[in-house]
Every structure is written in C-alpha cells, then in structure tokens.
Amino acid sequence: MSMKLSKEFSKPFYTDAEYEALVPEAKKALETVKENYAKGVSPLGWYTLPSDYDKEEFARIKECAAKIRKMCDVFVVIGIGGSYLGARAAIEFLQGNFHNNLRKDGPEIYFAGTSVDGDYLADLLKICEGKDICINVISKSGTTTEPAIAFRVFRELVETKYGKEEAKKRIFVTTDKNVKPGTLKEFATEGGYESFVVPGNIGGRYSVLTAVGLLPIAVSGADIDAMMAGALEAKEEFDNFDLEKNICMEYALLRNVFYRKGKKFEMYASYTPAMELMGEWLKQLYGESEGKDGKGIFPVSAIYSRDLHSLGQYVQEGERTMFETVLEITAPKVDFAIPTAETDMDGLGYLEGRNMDFVNKNAFRGTALAHQDGGVPTIVLALEKADEKNFGYMVYFFELACAISGYILQVDPFNQPGVEAYKKNMFRLLGKPGYTN
C-alpha cells in the first residue's frame, strides 16, 4: 500500500453508528462506478486507464518529449483547468517550486492560457526573448477563450521567429481525435503539427494520466512509466468492497460523514510547499465534480505552516463548518540539521542539531491536536515519498474517491453544467456572434 489513511485526529468527531450507516451507500457508489463504466454511460475511461492506455501513443509521447527536451530552452504549455493543473501539479510535486531555476537539462516549463490577463502573457513573452521555444496547446475544441488567445499569440511568435515550416516542428497539439470543421484537430492536421489525443471518454479534470498531462510531465524529465505503474497499483488495490483494505472508499465515506454533520468545507493542507499545485488540482477535481444540484463540499487548500499565519485563526476559531485532509510526505527528499550558533539570540538553541523534518512533523502534529481541540476533524493521507510512482497512485486514489463521493452525494460527478454560465455572459458582453442582449 503506497498511501496510508489515519483517523487519529478525526475519529472523535463521529460515532460508529454514523460511520456504519454510510457503509452500504459507499459500497453502492463503487458498484455504480463499475456498472456505469461497463455500460459506457459516463466518461469513465480513466477508471481502467492504468491498465488499458494506448501503448503506441504512450511510446510516441516519450519520443516526442525527448525531442522537445533537446530542441528548446522554453516549453510553453497552453491550457486551462484540467488541461494544465495536473501536469503542473506533477512537475512541482516531483521537482519542487524552483524547478525552472534548478533545472540541469531540458527546457524551462511555463503555463499559459490560464487567464485573460495581458500582463501575465506579456511577462511570459519577455521570458521567451532570445530563447528557443516549443509550445503544446491542449484543448478538446480549440475554442476555449483563454487558451485560444494564448495559442494565437504564441503561434504567431513561433512562426515569426522560425518561419511556418520550422514552426511545424515546434508546435504540438493535444486535442480530440475526431477531425471536424472548425476544430483544433482539423487545424492541427492542416497545419502539419504533431498531435496527441484527449480521450473522448475522459473528462478534463480526470485526464492528467493521458497525453494531456503526460507530455509536459515527460518533457520535465519525469519517469512516466513509473507514474502509470503507481496508478495501476492503486487501481488493483481499490478494486474491492472491503473498507478495511480499501482506503479510497473509506476516504469518500468519511468526507460524506462530515458533510452530513454540517462540515461543508474541506481544507486540503500539506506541510510541503511543492504540494501547492496538487491542492489546486484537487480543488478543480472536487469542485467541478460535486458542486451541483445545491449540494457539495467546497474544496479549499493551504500550505502549512505558512498559511497558519494567515488562515490559522479562522481555522482554529471560526465557524465550525470545516474539516481538513492533510497530505503528508513521510520522507523528505533532502533533510538538514539546524545549525549551531554562537549566541541564542533567536531562541532556537533548543533545536540546534535537530533536522528540519523533525520540526515540520511536530508542527503538523501540534496543529492537528490544536484543530482537534478547536472542533476541526483532520483526515491524514500519508505517502512515503514524492516520486513518480506515488504521484500516479495518488492521482488514481483521488479520482476514484471523487467518483464514489459524488455518487454518495447523488450527483453526477462527471458533468459541469455551471461552468458555461459565465461564458454566456462574457460572450454576450464581448459581442460574440450568436450571443446577443
């Protein structure tokens, strides 16, 4: 088992009867996942992806990534939501917050198309000045406003810098495989760009282990074979209805126990800053999957102990509508001792010679105990270390738990009808044809 679930800081907040009452619903929810996959009635391609992914495309992803790593200094990934969050979360989880500054080989990796802010785009263009560039645009349709604007800008930059023929070798497209008039796939085919598939039976927020996430992750130098092996381990481990063995189903059950007790917010917290983007990915995964029909647990995220100095007061003593899920990395990549000083001006003499990880672990336990005293339950999910195998395992764990939890809530965890609301108003205000006052 690559992940362990601890209820040490959450068990005081529910009774055995409340837990047992949800067991049949959790088992039924997992059965619904299996049944709907078999029937093909929901976009559940991710459910068996770790064992039945396209091996030929997977090999092509690795070949393409190796080529990109040799030919450019900057790799710009263009996409929004599930088209970039998983890849960015993986790269930072594996290589840290300063991966672009510390990278010894391969290109720096930046993300665009995540907003319509001109300043962000202008700053990224400055970074690209005088450097060799490749771009990867990720979109099923190619018409989503934010990435479409960024793609226009960077396509023009690459074509102006290299000429259209050379630009073909530097533009990579990840999109729907069906060529239809006006689609990104048609554009890629006509333009002669190498392209990869966004599977039609996998929604964006569940797509990190497809070409959507794997190409940028492979360009970073990560071992995507190990990543898929970790996901496969999780798939096999959670293919049962025994709560003593299936912590994925148990996590989904616990979330709903707290929800029914009035805990409407879930704080995803980690004491590892490299997990920050993982929190962003989780916010999309659970927010889009569960927030509908007037229901859902609102996902928020924080990095402790940093955010204990900003949100800590509210978490400790604010409204008691929150529970926490702490993502713990048991073994740090690097550890070092707090140095000895001639004077104890900073009051750290009692920690001299202690390792940073020792301090961090006790900050975690001290916080969990304080929040427990303050009425905030904490579920702890612990991974041994931050490597590719554990990332793949963790992604599959949260995807399956999200599906189970959604079905317990009795919502469709695979649609997002509310996402279109802002677009209609924006298109009307911008004067897009077909959207009138």
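We now turn to the structure provided with this report. Remember, it's a predicted structure, so these values are computed and weren't measured experimentally.

## Side note on the overall build of the protein chain
Part 1 of the reasoning: Secondary structure summary: the protein chain contains 17 helices and ten strands in total.
Part 2 of the reasoning: Compactness check: the protein chain gives a C-alpha radius of gyration of 23 Å against a globular reference of 22 Å for 437 residues, within 12% of the reference.
Part 3 of the reasoning: Taken along its principal axes, the extent of the C-alpha atoms in the protein chain is 65 × 65 × 45 Å.
Part 4 of the reasoning: Put simply, the protein chain has 437 residues, and 52% of those count as buried.

## Remarks on the sheet that holds strand 10 (residues 378-383)
Part 1 of the reasoning: The strand order across the open sheet formed by five strands is 1-10-9-7-8, and the pairing between neighbours is mixed. A single partner strand is all that each edge strand has here, and the edge strands are strand 1 (3-9) and strand 8 (298-303). Pairs of neighbouring strands in the sheet enclose a mean axial angle of 20°, with direction left out of account.
Part 2 of the reasoning: Sheet topology places strand 1 next to strand 10; five bridges connect them, and they run antiparallel. Looking across to strand 10, one finds that Ser6 is bridged to Val380.

## A closer look at the packing of helix 3 (residues 55-71) against helix 11 (residues 224-237)
A pair of packed helices is captured by two measures, namely the crossing angle of their axes and the spacing between those axes.
Part 1 of the reasoning: Between helix 3 and helix 11, whose axes approach to 11 Å, the crossing angle comes to 145°. Touching Phe58, Ile61 and Lys62 of helix 3 are Ile224, Asp225 and Met228, all from helix 11.
Part 2 of the reasoning: A breakdown of the residues in the contact of helix 3 with helix 11 according to their chemical character gives four nonpolar, no polar and two charged.

## A closer look at the nonpolar core
Part 1 of the reasoning: Judged by nonpolar contacts, the single largest core of 102 residues is most densely connected at Trp46, Tyr251, Met278, Trp281, Phe398 and Leu400.
Part 2 of the reasoning: The leading source of residues in this core is helix 16 (residues 388-409), at 15 residues.
Part 3 of the reasoning: Core analysis: the next-biggest nonpolar cluster, separate from the first, contains 22 residues, Val74, Ile78, Ile135 and Ala150 among them.

## Thoughts on unusual backbone geometry
Part 1 of the reasoning: The omega angle of the peptide bond from Tyr304 to Ser305 is 10°, so this bond is cis rather than trans.
Part 2 of the reasoning: Among the secondary structure elements, Ser305 is positioned in the loop between strand 8 and helix 14 (312-317).
Part 3 of the reasoning: Although it is not a glycine, Asp293 adopts a positive phi angle of roughly 55°.
Part 4 of the reasoning: Considering the arrangement of structural elements, one finds Asp293 in the loop between helix 13 (276-290) and strand 8.
Part 5 of the reasoning: In this model, Gln410 sits at a positive phi of 65°, which is unusual for a non-glycine residue.

## Here we look at the pairing of strand 8
Part 1 of the reasoning: Examined bridge by bridge, strand 7 (residues 265-270) and strand 8 share six bridges and lie parallel to one another. Pairing of Phe265 across the sheet is with Phe298, part of strand 8.
Part 2 of the reasoning: As a crossover connection, the stretch from strand 7 through helix 13 into strand 8 is right-handed.

## Regarding the sheet that holds strand 6 (residues 194-197)
Part 1 of the reasoning: Taken together, the five strands give an open sheet; going across it, the order is 3-2-4-5-6, and neighbouring strands pair in parallel fashion. With one partner strand each, in any of the chains shown, strand 3 (108-112) and strand 6 form the two edges of the open sheet. The sheet shows a mean angle of 20° between the axes of neighbouring strands, direction not considered.
Part 2 of the reasoning: Here strand 2 (residues 74-78) runs beside strand 4 (residues 133-138); their pairing, made up of five bridges, is parallel. Bridge pairing in strand 4 places Val74 opposite Ile133.
Part 3 of the reasoning: Across the sheet, helix 3 touches strand 2, strand 4, strand 5 (171-175) and strand 6, and the angle it forms with strand 6 is around 135°.
Part 4 of the reasoning: Lying over the sheet, helix 7 (residues 145-162) contacts strand 2, strand 3, strand 4 and strand 5, oriented at roughly 150° with respect to strand 4.

Cut-off values and rules
Residues numbered from 1 in each chain as written. Predicted model: local features only at pLDDT ≥ 70, side-chain atom pairs only at ≥ 80, totals over all residues. Heavy atoms only, no water. Helix = DSSP H or I, 4+ residues; strand = E, 2+ residues; numbered from the N terminus. Rg over C-alpha atoms; globule rule 2.2 N^0.38 Å. Buried < 20%, exposed > 50% of the residue type's maximum accessible area, 1.4 Å probe, protein only. Pairing = 2+ DSSP bridges. Axes fitted to C-alpha atoms, helices over the stretch in contact; angles between N-to-C directions. Contact = heavy atoms within 4.5 Å. Nonpolar A, V, L, I, M, F, W, Y, C, P; charged D, E, K, R; others polar. Core = buried A, V, L, I, M, F, W, Y, C linked by side-chain atoms within 4.5 Å. Right-handed = clockwise from strand over helix to strand, strands pointing away.

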